[in-house]
Amino acid sequence: MQLTAPLDMHLHLRDGEMLENIAKSSAHTFSGAIIMPNLVPPVSTKEEVVAYKERIMKAVGDETFTPYMTLFFKPSYDKSFLESVKDEITAIKLYPAGITTNSEGGVSGFDVEELRPALTAMAELNIPLCVHGETNGFVMDREAEFVSIYEKLATAFPKLKIIMEHITTKESVQALDKYENLYATITLHHLLITLDDVAGGMLQPHLFCKPIAKRPEDRSALLKVALEAHPKVMFGSDSAPHPRHAKEACGCAAGVFTAPIALQVLAELFEKENASLENLQAFVSDNAHRIYAVTPPKKTIILEKRSFKVPSDYNGVVPMYADEEIAYSIKEVQK
Ligand code: NCD
Ligand code: ZN
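Residue positions are given per chain, counting from 1 as you read along its sequence in written order. Each chain gets a letter, beginning with A, and each ligand a number, beginning with 1, in the order they are written. Two thresholds apply to this predicted model, a pLDDT of at least 70 for residue-level local features and 80 or more for giving and counting side-chain atom pairs, whereas whole-chain, interface and lining totals are computed over all residues. By convention in this description, side-chain values take in all heavy atoms of the structure and omit both hydrogens and water.

Q: Could you clarify how one ought to interpret the layout of surface pockets in this entry?
A: Regions of empty space are outlined by a rolling probe, equal in size to a water molecule, passed over the atoms. Both site types are read off a 1 Å grid over the protein atoms alone. A 1.4 Å probe that fits but cannot get out defines a cavity, while an open set with protein on both sides within 12 Å along at least five of seven lines defines a pocket; lining residues have an atom within 4 Å of a point. Grid points are joined across faces, edges and corners, and a volume is the space filled by probe spheres set on the points. When its volume is computed, the largest pocket comes out at roughly 280 Å³. Taken together, 19 residues form the lining of the largest pocket, with Lys86, Ile89, Thr90, Asn126 and Tyr292 sitting closest to its centre. Breaking the lining of the largest pocket down by element, the ones donating at least two residues are β4 (66-72) and α12 (277-292). It is β4 that provides the largest number of residues to the lining of the largest pocket, a total of four residues. Three classes are used, and their members are as follows: Ala, Val, Leu, Ile, Met, Phe, Trp, Tyr, Cys and Pro are nonpolar, Asp, Glu, Lys and Arg are charged, and the others, Gly among them, are polar. Tallied by class, the residues present in the lining of the largest pocket amount to eleven nonpolar, three polar and five charged. Numbering of helices and strands runs from the N terminus, with a helix taken as a DSSP run of H or I at least four residues long and a strand as a DSSP run of E at least two residues long.

Here is the structure:
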């Protein structure tokens, strides 16, 4: 099985030692990725984004990989600032204040008039807006409650490309077809697990993430659009590494680390569900090319059906399926 120029349209690469330790897990098998800006402090100036990209390129070493950089959205971004930084970024990521890891400086209230100058300028400059769509309501309802905010933004800014990040509910899937300018990323883990897998038996900290995995009918709705490679849906792993001690702790950090196994497990899933290789190719690459108008570097990943035992950790970060067997292995990466 062969995939061309896979892209991960939602990735946390972190910084410092963690970046050095995990960057190659993505850079080896993916041609590029949208890099989320939730560092401390968040990436929000041209200097910061340029310097972060350099640190990523250094950590990537000789792998062929394009980091598509993002800024952390602030309502104060104006057109002249956005014009000056436009060539360095591919998108801007909006976090509701305090909703997830390092999102304290995010947006609260979602007042259209307050957001109008920045979002109008982004639409004019063709900079997509990536959104972590959760309210601060009851944890299982946060994303469904946020759909009305997506609708408000999509209506108020019809020329702005809005990407609903890591969708987990049937409500978000429905919103996709109602608004021309709404798109979505879907993670690997939300195609595979429900809340039952996280908390139905012994608590599984390595499957705890934001948004939390939802109900079987939600997972089915996500699977349907992923397997048919719905043209507005892209793969975004939301691979979010935390050191083992931050996950296996009283007060567990949110995030599932899937980067090293993502393509292999997607291959297994699409095969099991009788979906075509063409659809997998569209889901992990072609849809994103079209939606983001990016041209990733050439890379061909050859996967083979040979069982692979997932390591217990990658430099101290526990991956999904640690110590378990998955059906596919990476045979070769051609650049
Ligand atoms: C992400 C992280 O750790 O940065 N965690 C997560 O559970 N997905 C933040 C995020 O994308 O929400
Ligand atoms: Zn994320």
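Q: Any chance you could explain unusual backbone geometry here in plain terms?
A: The general pattern is negative phi for most residues beyond glycine and trans for most peptide bonds. Note the cis peptide between Val40 and Pro41, where omega equals -5 degrees. Tracing the chain through its elements places Pro41 in the loop between β3 (32-35) and α2 (46-60). A cis amide bond, omega -10 degrees, links Lys210 with the succeeding residue Pro211.

Q: Where do I start with the sheet that holds strand β7 (residues 162-164) in this structure?
A: Hydrogen bonding along the main chain pairs the strands of a sheet, whether they run parallel or antiparallel. Paired strands, in this sense, are two strands between which DSSP finds at least two bridges. Spatial ordering of the open sheet is given by β2-β3-β4-β5-β6-β7-β8-β9, a layout of eight strands whose pairing is parallel. Looking along the sheet, the strands with just one partner apiece sit at the ends: β2 (7-11) and β9 (233-235). Strand-to-strand twist across the sheet, computed as the mean angle between neighbouring axes with direction ignored, equals 25 degrees. For strand β5 (residues 91-94) and strand β6 (residues 129-131), the ladder comprises three bridges, and the chain directions are parallel. Residue pairing for β6: Ile92 is matched across the bridge by Leu129. Each axis is a line fitted through C-alpha atoms, and for a helix only the stretch in contact is used; angles between axes span 0 to 180 degrees, taken between their N-to-C directions.

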